[in-house]
Amino acid sequence: MLNAPWIIPLLPLAAFAVNGLFGRRNPRWTGWVSTAAVVGSFAATVALWIASAGADQDESLLYRWVASGGFTIDIAFLTDALTIVMLLVVTGVSALVSLYAVGYMDHDANKPRFFTWIPLFVFSMIMLVISDNLLQLFVFWEMVGLCSYLLIGYWYDRDSANAAATKAFLVNRIGDFGFAIGIILAFLEFGTLRYREIFAGLGSADAGMVTAIACLLFVGAMGKSAQFPLHVWLPDAMEGPTPVSALIHAATMVTAGVYLVVRMNPLYTQAPEALLLVAAVGAFTAVLAATIALVQTDIKRVLAYSTVSQLGLMFLAAGAGAYTVAIFHLATHAFFKALLFLGSGSVIHALNDEQDMRRMGGLRRKLPVTYATFILGGLALAAVFPLAGFWSKDEVLAHVFLKAAADPGGALTADHGAGVFWLFYATGLTVSVLTAFYTFRMIVKTFHGAPRDAALHEHAHESPWVMTVPLIVLAAGAALSGAVLGIPPEHGVIHGYLEHAAGVLHLEGAGAAPTLILAVVSTVAALTGLLLALGAYGRGLPIPQRARALAPGAETLFRQKWYLDHLGDGFMVALTKAAAMLSWGFDAGVVDGIVNGVGKLSRFAGGQAGRIQTGQAQNYALLMVVGLVLTVGGLVLFR
Amino acid sequence: MTTGETALDFPYLSLALWLPLLVGLPVIVLARSRGAIALGALAASLVQAAIAILVTVRFDHNASGYQFVEAAEWIPALGISYKLGVDGVSILMVLLTGVLGPLVVGAAWLTIHKREREFFAALVVLQTAMLGVFVTLDFILFYVFWEMALIPMYLMIGVWGHERRIYATVKFFLYTFAGSVLMLVAILAIRLTTGTFDIEAIPAEMAGAPLVLQRWVFAAFFLAFAIKVPMFPFHTWLPDAHVEAPTAGSMVLAGVLLKMGAYGFLRFLLPMTPAAVDETRGLLVALSLAAIIYGALVALVQPDLKKLVAYSSVSHMGFVTLGIFTASQTGMDGAIIQMLSHGVISPALFFAVGVVYERAHTRRIDDLGGLAPRMPLYAAIFGFFMLASLGLPLLSGFVGEFLVLVGAFGYDTAVGVLAALGVILAAAYMLWMYQRVVLGRLRNQSLAAIPDANRLEIATFAGLGVLVVWVGIFPDTFVRLLGTATAGLAGQP
């Protein structure tokens, strides 16, 4: 009973139903209903985790969804180590964010709606990671996308929120277009969509098809996890309430793409070209988003681009074959990024919904708890020793380095593209510098210096306990989770635990000394960025001016987000609309024109043939019969 | 298993056809008040719905062939009989026709405000005619029901329609009547070849028929059914008919009448002219793809809400024909599920348009906007069906389209990819429409006091929503009913 997995999704589903049906009558309780259900889910997950210790995996069938000519899909639960890690992250962060939202959404008149969609999201996310097959995963993949849509557009009287919600859904649909094709091709190739059976069929599968499937599944991951060029929806998604940004658009839903690649790792291992694509897209996205984060003025947008960048690093790790490390970074990132978002929410809450850092400054004395926890989150994000991000990001970079450095002909380069991993490693180091820089730029601009808006500063106040307690818990996670899970490097708790998971590859490290050197290198990179930011924004050193002189035009490029939004919102949308207008014109002018033309022609012919029209019914009947006889006769004669 | 083994003594199908007329028509004709007329129609449709549900529940999904068969001589001199029965191809259409009936009566009660007696009488006759189309196993009887369904719909648009109703009616009538005449010719040609009107017996008899004859029969059938579905490029009557039809008329038209065309493909075209279908398969698939993508593109830029929904119907019915003509069992299961799903979702969308039209007297997207704060329940309900229409998983639209896609990829990868594009476009036109109509700020100050959906409206939506959710979450309840029939059509043992 205690380790029954069905209770984990059932509780949030029940909360969804209760709040959806009765929430409008009792708005005050909705937040607590949601929080209680998700905390219950977390407890059940912990129970499952303890009960399943040592067990390899457990599968249980819920019901047959559909069976149609060989296409058979069950709704079923698979609980292995990978699922349990994901469940712990999802339910844990969700519980804290739901609690936080009780405070954050307290004054919102429509909060029953908010606390209806939050448990629906948690339910869908649980069903996504607990699935034992690709179709069930896809179903709930789209359901979490729906919740994202509903919550981005939560304030539906704002045009910008509605546009952002629609954009998020549509960009994800483009990703899911690829994903769905991948799933169907997988079914046609393997005759099944269950993970285990797919992996079992890999040996006899067509290599080209496996690569195609792996690439197409990754297209889905690019949409959900906001990777170039499908990353454009995530920054706009910040239109949603901040707890949503923390939960869905940082800690959980957007990591589903990483989960997908790791879950399907035996498939990817068989498809080195696809892995290379994963690594390349991840590396490029990481640096692209980090550069854009440098110049943002909205505190949430800095964090949004940072999330895109960090997700890129997770894909880089997965692409290097270090699947465990990707999940490790996913877990630590969930802690510190949720913390930073909730911290930014605490700031925004204190400043009457002001998100522009140019109107902040000097808040550290007004918001001591928020400040202290935010610093911890920032250090973790910047990957400063010994906080969480250090352990996981260092391993990401170490594995990229190992992949690059592996001897030709060695086990690591049996696949392709080892050379390009040097480039990826350099990219990763650059991202480390940039990450530390934008993080501390944000911290200094928000909390240090003189207040730039006296009126706002005057009314600022620390948040209530329901909001600060989650901050403190997450701060503990951001500080310690890396060390707890990841010491010693390569052989920490998470590595050992995930070895139980289906086929997760464990890359052998290169020994202590090189690992130490690599750790020192990445720490130097992080400290460089950190000190540059402190110098530039804390001490007023002319570093940004120097940088501008050094690379003129770069700032404009970053501010314009590399012009990628223009490509999507502008070009693609305009193209589709043009095609649509053209089709409509064709339909009205040509297709319907011909129909009406035929009508007119027959009226004209009818006028000419009017002499036959005697008005006598028997004559018409005679004509009809003659016509029929002629036609049928013709048919019979021509047989 | 042959016909008759599963036949039950009890004439369920005859009762479903004629009892509603017996119950409903006298009440409608004699009733003194609007309410009594509507109650008569409601009673008739409830009787039909109850029998349809009963038949579906008692349908044996393991048996092959027709069930609930009734056969009697009708005009022996001409070999015309009164023969009824259902199989996997028709069972869900019977269910759909039955379940939709009371809900359309509800919608008519809310939206028809003149000559109610005639309207409800036409509706009851139409219900019987449509059900008859799906349950007859005699070709002449089929033709009678087919034509019988055309006339009430013609009247509904012509009498209760909007400004350009005469144009739309004439177009609708001529177009579909042209198809009907061609179909009659094909039926007579089949009779001359096989010597029978028995739909059950014809496929085997036609197997030996010369290819030339098959081709002619195919051409006539194809046109008749393609117009009805409607397939691209025979679709232009549909937007006009929908825009001019009253809400309840649009609901029946989109819900059931279009399915008669797809049903014709499955029941007649595939089994009776298989060689001709094989020859033209490429074209049939191409036309289906054109409907999916082209219909969605045109829907994207419609300024009229009802036209948008009408063009979305063209796109969604494209999935139905794609599933039928790619001819795998999975694709055909998907096509039939899509027929059921579209048969519920599109009436709901037309009803949603009607609810706003009743209050705002406009269907122009630009005149609306910002309804959500004033009509929160309506916004939620419309949103639900909007999401169902764009194929959100766990709702019915996803199941049919996904199965059709599986079938399409099995047929040809490029075909599958192109069809899948339609799913992106569906999200685009639906979400964009919803954003402009329901979300955002109030643009039209005359709508400031617009009332939310009332109880009867909510009940009607709820009736439609039950099927949407059921099919979405437990599709196997319905898919399992199709297996023996679609396996046969797909040429699998």
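Residues numbered from 1 in each chain as written. Chains lettered and ligands numbered in written order. Predicted model: local features only at pLDDT ≥ 70, side-chain atom pairs only at ≥ 80, totals over all residues. Heavy atoms only, no water.

Draft legend 1. Expanded view of the overall build of chain B. Each helix and strand in chain B was counted, giving 18 helices and two strands. For 493 residues, the compact-globule estimate of 2.2 N^0.38 gives 23 Å, and the C-alpha radius of gyration of chain B, at 21 Å, lies within 12% of that figure. Overall, chain B is about 70 × 60 × 40 Å in size when its C-alpha atoms are taken along their principal axes. Across the 493 residues of chain B, 68% fall into the buried class. Summarising the internal contacts of chain B: among those between residues at least 6 apart in sequence, 81% fall at separations of at least 24. (Helix = DSSP H or I, 4+ residues; strand = E, 2+ residues; numbered from the N terminus. Rg over C-alpha atoms; globule rule 2.2 N^0.38 Å. Buried < 20%, exposed > 50% of the residue type's maximum accessible area, 1.4 Å probe, protein only. Contact = heavy atoms within 4.5 Å.)

Draft legend 2. Layout of the overall build of chain A. The helix and strand inventory of chain A stands at 26 helices and two strands. Here chain A holds 639 residues, and 59% of them are scored as buried. When contacts within chain A are restricted to residue pairs at least 6 apart in sequence, those whose partners lie at least 24 apart make up 79%. Just so you have it, chain A exposes about 23800 Å², and 68% of that area is on carbon and sulfur atoms. (Areas by Shrake-Rupley, 256 points an atom, 1.4 Å probe, with all protein chains shown as cover.)

Draft legend 3. Up close: the nonpolar core. L134(A), Y268(A), L92(B), F139(B) and F221(B) are the most contacted members of the largest nonpolar core, which totals 433 residues. At 18 residues, the largest contribution of residues to this core is made by helix 3 (residues 81–104) of chain A. If we ignore the near neighbours within four places in the chain, the residues touching Y268(A) are A214(A), L217(A), F218(A), V261(A), A274(A), L275(A), V278(A) and Y323(A). (Core = buried A, V, L, I, M, F, W, Y, C linked by side-chain atoms within 4.5 Å.)

Draft legend 4. Structural view of helix 20 (residues 465–486) of chain A. The terminal C-alpha atoms of helix 20 of chain A, which comprises 22 residues, lie 31 Å apart, in line with the 32 Å expected from a rise of 1.5 Å per residue. Residue L480(A) marks the point of greatest curvature in helix 20 of chain A, where the axis turns by about 50°. (Expected span 1.5 Å × (residues − 1). Bend = angle between axes of the 7 residues up to and from the residue.)

Draft legend 5. Representation of the pattern of salt bridges within the structure. For the structure shown, the criterion picks out 26 salt bridges over all chains. Between D356(A) and R358(A) there is a salt bridge whose closest N-O contact spans 2.9 Å. R115(B) is the partner of E118(B) in a salt bridge, and the nearest nitrogen-oxygen pair spans 4.0 Å. Where salt bridges share partners, they join D132(A), R194(A) and E197(A) into one cluster. (Salt bridge = Lys/Arg side-chain N within 4 Å of Asp/Glu carboxyl O.)

Draft legend 6. The packing of helix 12 (residues 305–326) of chain B against helix 13 (residues 329–360) of chain B, seen in detail. All names here are of chain B. In contact at an axis separation of 8 Å, helix 12 and helix 13 are set at 170° when each is read in the N-to-C sense. On the basis of the axis angle, helix 12 is roughly antiparallel to helix 13. On helix 13, the residues that touch L305, K306, V309, A310, S313, H316, M317, F319, V320, G323 and I324 of helix 12 are G331, M332, A335, Q338, M339, H342, S346, L349, F350 and V353. Each residue belonging to the contact of helix 12 with helix 13 can be placed in one class, and the counts come to 13 nonpolar, seven polar and one charged. (Axes fitted to C-alpha atoms, helices over the stretch in contact; angles between N-to-C directions. Parallel < 35°, antiparallel > 145°, perpendicular 65-115°, else oblique. Nonpolar A, V, L, I, M, F, W, Y, C, P; charged D, E, K, R; others polar.)

Draft legend 7. How the structure looks around unusual backbone geometry. The residue after F385(A), namely P386(A), is reached through a cis peptide bond having omega 0°. Residue P233(B) is reached from F232(B) by a cis peptide bond, and omega for that bond is 5°. By the secondary structure assignment, P233(B) is in the loop between helix 8 (211–228) and helix 9 (237–244). With a phi close to 55°, A226(A) is a non-glycine residue in the positive phi region. One can find A226(A) in the loop between helix 8 (207–224) and helix 9 (233–236). Positive phi, normally seen in glycine, also occurs at F68(B), with a value near 55°. Among the secondary structure elements, F68(B) is positioned in strand 1 (residues 67–75). When its relative accessible area of 3% is taken as the criterion, F68(B) is described as buried.

Draft legend 8. Broad picture of the packing of aromatic side chains. Residues and elements named next belong to chain A. Applying the stated criterion to the full structure yields 60 aromatic pairs over all chains. Ring centres 5.9 Å apart and planes at 65° place the aromatic pair F437 and Y537 in the edge-to-face group. A residue pair is termed long-range when its members are at least 10 positions apart, and F437 in helix 18 (residues 420–447) and Y537 in helix 22 (residues 512–538) qualify at 100 residues. According to the relative accessible area criterion, F437 is buried, its value standing at 14%. Given a relative accessible area of 26%, Y537 falls into the partly exposed group. (Phe/Tyr/Trp six-rings, centres within 6.5 Å; stacked < 30°, edge-to-face > 60°.)

Draft legend 9. Fine view of the interface of chain B and chain A. Between chain B and chain A, the contact holds 69 residues from the first and 55 residues from the second. Contact between chain B and chain A buries roughly 5400 Å² in total, counting both sides, with carbon and sulfur atoms accounting for 75%. The largest contributions to the chain B side of the interface with chain A come from F402(B), I424(B) and L431(B), which together make up 10% of the buried area. Linking chain B with chain A are two salt bridges. Here D592(A) makes a salt bridge to K171(B), at a shortest N to O gap of 2.5 Å. Viewed at the interface, chain A and chain B are joined by 20 residue pairs in polar contact (both at pLDDT 80 or more). (Buried area = accessible area lost by both parts, 1.4 Å probe. Polar contact = N/O pair within 3.5 Å; in protein donor to acceptor, adjacent residues only side chain to side chain.)

Draft legend 10. Just the confidence of the model for chain B, in detail. Residues and elements named next belong to chain B. Per-chain confidence: chain B averages 91 in pLDDT, with 98% of residues scoring 70 or above. The low-confidence segment residues 1–7 (pLDDT under 50) makes eleven contacts with residues lying over four places distant or belonging to another chain. Here the predicted complex scores 0.91 on pTM and 0.93 on ipTM. (pLDDT = per-residue confidence, 0-100.)

Draft legend 11. Representation of the side chain of S522(A) within the structure. Residue and element names in this part refer to chain A. Within the secondary structure, S522 sits in helix 22. Polar side-chain contacts of S522 include one of 3.2 Å to the backbone oxygen of A519. The residues touching S522, leaving out its near neighbours within four places in the chain, are D394, L397 and L429.

Draft legend 12. Layout of the side chain of D476(B). Within the secondary structure, D476(B) is located in helix 18 (residues 476–489). Comment: no salt bridge for buried D476(B); closest opposite-charge side chain is R480(B), at 5.0 Å. Discounting residues that sit within four places of it in the chain, D476(B) has contacts with R64(A), W65(A), V66(A) and A67(A). (Lys, Arg positive; Asp, Glu negative; His and termini not counted.)

Draft legend 13. A nonpolar patch on the surface, seen in detail. All names here are of chain A. There is a patch of nonpolar side chains on the surface, built from W29, W32, W465, V469 and V473 and spanning about 540 Å² of accessible area. Going through the elements one at a time, helix 2 (27–51) and helix 20 are the ones with two or more residues in the nonpolar patch. Summarising the element assignment, W32 is placed in helix 2. Given the relative accessible area of 35%, W32 is considered partly exposed. (Patch = residues over 30% accessible without salt bridge, like charges linked within 9 Å, V, L, I, M, F, W, Y side chains within 5 Å.)

Draft legend 14. Structural detail: the confidence of the model for chain A. Residues and elements named next belong to chain A. Looking at chain A as a whole, the pLDDT averages 86, with 89% of positions reaching at least 70. The low-confidence segment residues 407–414 (pLDDT under 50) makes nine contacts with residues lying over four places distant or belonging to another chain. Per-residue pLDDT stays below 50 along residues 502–506; that stretch engages in 17 contacts with residues further than four places along the chain or on separate chains.

Draft legend 15. Up close: the environment of Y82(B). Residues and elements named next belong to chain B. By the secondary structure assignment, Y82 is in strand 2 (residues 80–86). With 55 residues separating them in the primary sequence, Y82 and L137 have C-alpha atoms 7.9 Å apart. Setting aside its immediate chain neighbours within four residues, Y82 contacts S14, L17, W18, E70, A71, A72, E73, W74 and L141. Here the side chain of Y82 touches S14 through a polar contact of 2.6 Å, side chain to side chain.

Draft legend 16. Up close: the environment of M251(B). Residue and element names in this part refer to chain B. Following the sequence through the fold, M251 ends up in helix 10 (residues 247–272). Between the C-alpha atom of M251 and that of I151, which follows or precedes it by 100 residues, the distance is 16 Å. M251 has contacts with L100, L103, V104, A107, V256, P347, F350 and F351, leaving out every residue within four places of it along the chain.

Draft legend 17. The pairing of strand 1 of chain B, seen in detail. Residues and elements named next belong to chain B. Summarising the sheet, strand 1 and strand 2 pair through six bridges and their orientation is antiparallel. Note on strand 2: the bridge partner recorded for E73 is S81. Between the end of strand 1 and the start of strand 2, which pair antiparallel, lie four residues, with G79 showing a positive phi angle near 75°. (Pairing = 2+ DSSP bridges.)

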